Amino acid sequence: MVDIKSSDITDKQIYLNRRSFIAAAAAAAGGALIADSRVHAQDAAGHGRRLMTVHSPFSTTESVNTWEHSTTYNNFYEFGTGKDDPARNAPAWKPPQPWTIAIDGECAKKGTLALEDVLKGQVLEDRIYRHRCVEGWSMVIPWVGFPLANLIQRCEPTAKAKFIEFTSILDTKQMRGQRSDVLEWPYVEALRMDEAMHPMTTLAVGIYGEVLPNQNGAPVRLVVPWKYGFKGIKSIVKVRFVEKQPMSSWQINYPKAYGFYANVNPRVNHPNWSQAMEVRLPSLFKRMRTQVFNGYGDQVASLYQGMDLTRNY
Ligand SMILES: Nc1nc2c(c(=O)[nH]1)N[C@H]1C(S)=C(S)[C@@H](COP(=O)(O)O)O[C@H]1N2
Ligand SMILES: [Mo]
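Residue indices begin from 1 for each chain and proceed along its sequence in written order. Chain letters start at A and ligand numbers start at 1, both assigned in the order the entries are written. Whole-chain, interface and lining totals are the exception, using all residues; otherwise, since this is a predicted model, local features are given only for residues with pLDDT of at least 70 and side-chain atom pairs are given and counted only at 80 or more. Side-chain measures were taken over the full set of non-hydrogen atoms in the model, leaving aside hydrogen atoms and water.

Draft legend 1. Looking closely at the site of ligand 1. A single heavy atom is enough: if one lies within 4 Å of a molecule or strand, its residue is considered near that molecule or strand. Lining the immediate surroundings of ligand 1 are 17 residues, of which Y77, E78, H131, G232 and K234 lie closest. Definition of a polar contact: a pair of N or O atoms within 3.5 Å, with one able to donate and the other able to accept a hydrogen when the atoms are protein atoms, and with sequence-neighbouring residues admitted only if both atoms are side-chain atoms. Take E78: an N or O atom from its side chain is 2.7 Å from a nitrogen atom of ligand 1. With respect to ligand 1, the side chain of R221 contributes an N or O atom lying 2.9 Å from an oxygen atom. In a pocket analysis with a 2 Å cut-off to the grid points, ligand 1 is assigned to the largest pocket. Residue composition of the shell around ligand 1, by class: 7 nonpolar, 7 polar and 3 charged. In this analysis the probe radius is 1.4 Å and the grid spacing 1 Å, with only protein atoms considered; a cavity is a set of points the probe fits into but cannot get out of, a pocket is an open set with protein on both sides within 12 Å along at least five of seven lines, and lining residues have an atom within 4 Å of a point. A molecule is counted as occupying a cavity or pocket when more than half of its atoms fall within 2 Å of that pocket's grid points. Under the convention adopted here, Pro, Cys and the residues Ala, Val, Leu, Ile, Met, Phe, Trp and Tyr are nonpolar, Asp, Glu, Lys and Arg are charged, and Gly plus all remaining residues are polar.

Draft legend 2. Representation of the layout of surface pockets. Grid points are joined across faces, edges and corners, and a volume is the space filled by probe spheres set on the points. Volume-wise, the largest pocket comes out at about 420 Å³. Surrounding the largest pocket, 28 residues form its lining, N75, F76, Y187, G229 and F230 being those nearest its centre. In terms of residue count, the dominant contributor to the lining of the largest pocket is strand 5 (residues 137–147) (4 residues). For the purposes of this entry, the term helix denotes a DSSP run of H or I that reaches at least four residues, the term strand denotes a run of E that reaches at least two, and both are numbered from the N terminus.

Draft legend 3. Structural detail: the pairing of strand 12 (residues 277–280). Two strands qualify as a pair provided that DSSP identifies no fewer than 2 bridges between them. Pairing of strand 5 with strand 12, which is carried by 2 bridges, proceeds in the parallel orientation. The residue bridging S138 from the neighbouring strand is R280, located in strand 12. Where strand 12 lies against strand 13 (residues 288–289), 2 bridges are found, and the strand directions are antiparallel. Across the sheet, the residue bridging to E278 is M288, located in strand 13.

Draft legend 4. Representation of the side chain of E165 within the structure. With respect to the helices and strands, E165 occurs in strand 6 (residues 163–168). Throughout this description, buried means an accessible area under 20% of the type-specific maximum (1.4 Å probe, protein chains only), exposed means over 50%, and partly exposed covers the range between. Judged by relative accessible area, E165 falls into the buried class, the value being 12%. The contact criterion used throughout is that any non-hydrogen atoms of two residues lie within 4.5 Å. Among residues more than four places away in sequence, those in contact with E165 are E189, A190, K238, V239, R240 and P246.

Draft legend 5. Looking closely at unusual backbone geometry. Of note, the bond from W185 into P186 is cis; its omega dihedral lies within 30 degrees of zero at -5°. With an omega dihedral of 10°, the bond running from L281 to P282 counts as a cis peptide bond. Relative to the helices and strands, P282 resides in the loop between strand 12 and strand 13. The phi angle at A262 is positive, at roughly 55°, despite the residue not being glycine. Within the fold, A262 resides in the loop between helix 7 (249–253) and strand 12.

Draft legend 6. Local environment of the sheet that holds strand 11 (residues 236–242). Taking strand neighbours across the sheet as the criterion, the 5 strands line up as 3-2-11-6-7 in an open arrangement whose pairing is mixed. Only two strands of the sheet have a single neighbouring strand rather than two, namely strand 3 (111–114) and strand 7 (188–192). The average angle at which neighbouring strand axes cross in this sheet is 20°, direction not considered. For helices, the fitted axis covers only the stretch in contact; all axes are lines through C-alpha atoms, and the angles between them, taken along N-to-C directions, range from 0 to 180 degrees.

Draft legend 7. Main features of the state of the cysteines. Disulfides are defined as pairs of cysteine sulfur atoms found within 2.5 Å of each other. Tallied over the full model, the rule gives 0 disulfides. In this structure C155 is not part of a disulfide, and its nearest cysteine sulfur, from C107, lies 5.5 Å away. Here C155 falls in the buried class, since its relative accessible area comes to 1%.

Draft legend 8. Region of interest: the side chain of N263. For N263, the position within the fold is in the loop between helix 7 and strand 12. You can call N263 buried: its relative accessible area is 8%. A distance of 3.3 Å separates the side chain of N263 from the side chain of W226, its partner in a polar contact. The contacts of N263, once residues within four sequence positions are left out, are W226, K227, Y228, F293, Y304 and L309.

Draft legend 9. Spatial organisation of the packing of aromatic side chains. Within 6.5 Å between ring centres, the rings of Phe, Tyr and Trp (the latter by its six-membered ring) count as paired, and their orientation is classed by plane angle as stacked under 30 degrees, edge-to-face over 60, tilted in between. Using the criterion set out here, one finds 14 aromatic pairs in the structure. With 5.2 Å between their ring centres and 90° between their planes, Y73 and W137 make a pair best called edge-to-face. With Y73 in the loop between helix 2 (67–70) and helix 3 (85–89) and W137 in strand 5, this residue pair connects regions lying 64 residues apart in the sequence. Between F230 and Y258, the ring centres sit 5.3 Å apart and the planes meet at 75°, which makes this aromatic pair edge-to-face. Of this pair, F230 sits in the loop between strand 10 (221–223) and strand 11 while Y258 sits in the loop between helix 7 and strand 12, and the two are 28 residues apart along the sequence. The two residues F230 and Y258 agree in class, both being buried.

Draft legend 10. Inspection of the pairing of strand 8 (residues 202–207) at higher detail. Within strand 8, 6 of the 6 residues are buried, which leaves it mostly tucked inside the rest of the structure. Here strand 8 pairs with strand 10 via 3 bridges, running antiparallel. Within strand 10, the position partnered with L203 by the bridge is L222. Strand direction decides the pairing type here: strand 8 and strand 9 (residues 210–211), joined by 2 bridges, are antiparallel. Directly across from G206, in strand 9, lies its bridge partner V211.

The structure is reproduced here in structure tokens:
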């Protein structure tokens, strides 16, 4: 059904399959609306490698940032620390083909999965989420993806699996940023198992109805909309189920600023700046109040009941 070869999807193949896909996807999604007109408003600016998607009811109705903005203002330190470095340096990157994800740790189905196989039979959804960076800016991005829970179930985690750890690709030759020690490489992130299983937690393979551009984390990256952007690890090559809470790259880098949970929280400031406000790009001023859990409290606050979120920041 959905069959991404990140290299060689042609429009023709996609459109030939479209009719049968729509029928199947509509059935699978329980008749949800097909796609979202706002997602495809940027047609002219995209690269044209389209995916077949259905609308997600989790989507926000706020206006979506432009393709131009979302693909030129990025954090992806593997390609440099400037916001425009990923757009400049990532497009030339040649990811390994086929892309594989190693599955390891506390699970029955250890091994290696080709991304293509992970995507077989998956319904891809347009999930329009607010995206809030710890630096104080936010955007609204129409991700294309599916619940991380679908992959987790396939791995059959054991009762000992309390956390899930993700690792980005290490490619020092092609990723100039990995030749600097701004972070420890490869980039690692992790979630508690219940966070990972939450239906909003997304493995994204696209934006704006198209295949992910390299600078946005191709070919597969994590999206956890109630957490700061740094939890959204890009270009994932490994998933490991573990019993003990893992460290993440940013925690290792500056533990006082970047905790394990990284839930968006206007009351917990970064040691060097306030988190009370944010700028919704492309505006210039911090005019918006930052919302607890990035505004997704109704859906996720119960995960943290009884926890002191100023200690578990
Ligand atoms: N591998 C990797 N993943 C990463 C990063 C990174 O530098 N390397 N930056 C993080 C940060 S700080 C943010 S805000 C988001 C940015 O995602 P975007 O470029 O799609 O907006 O990716 C996150 N994932
Ligand atoms: Mo970030």
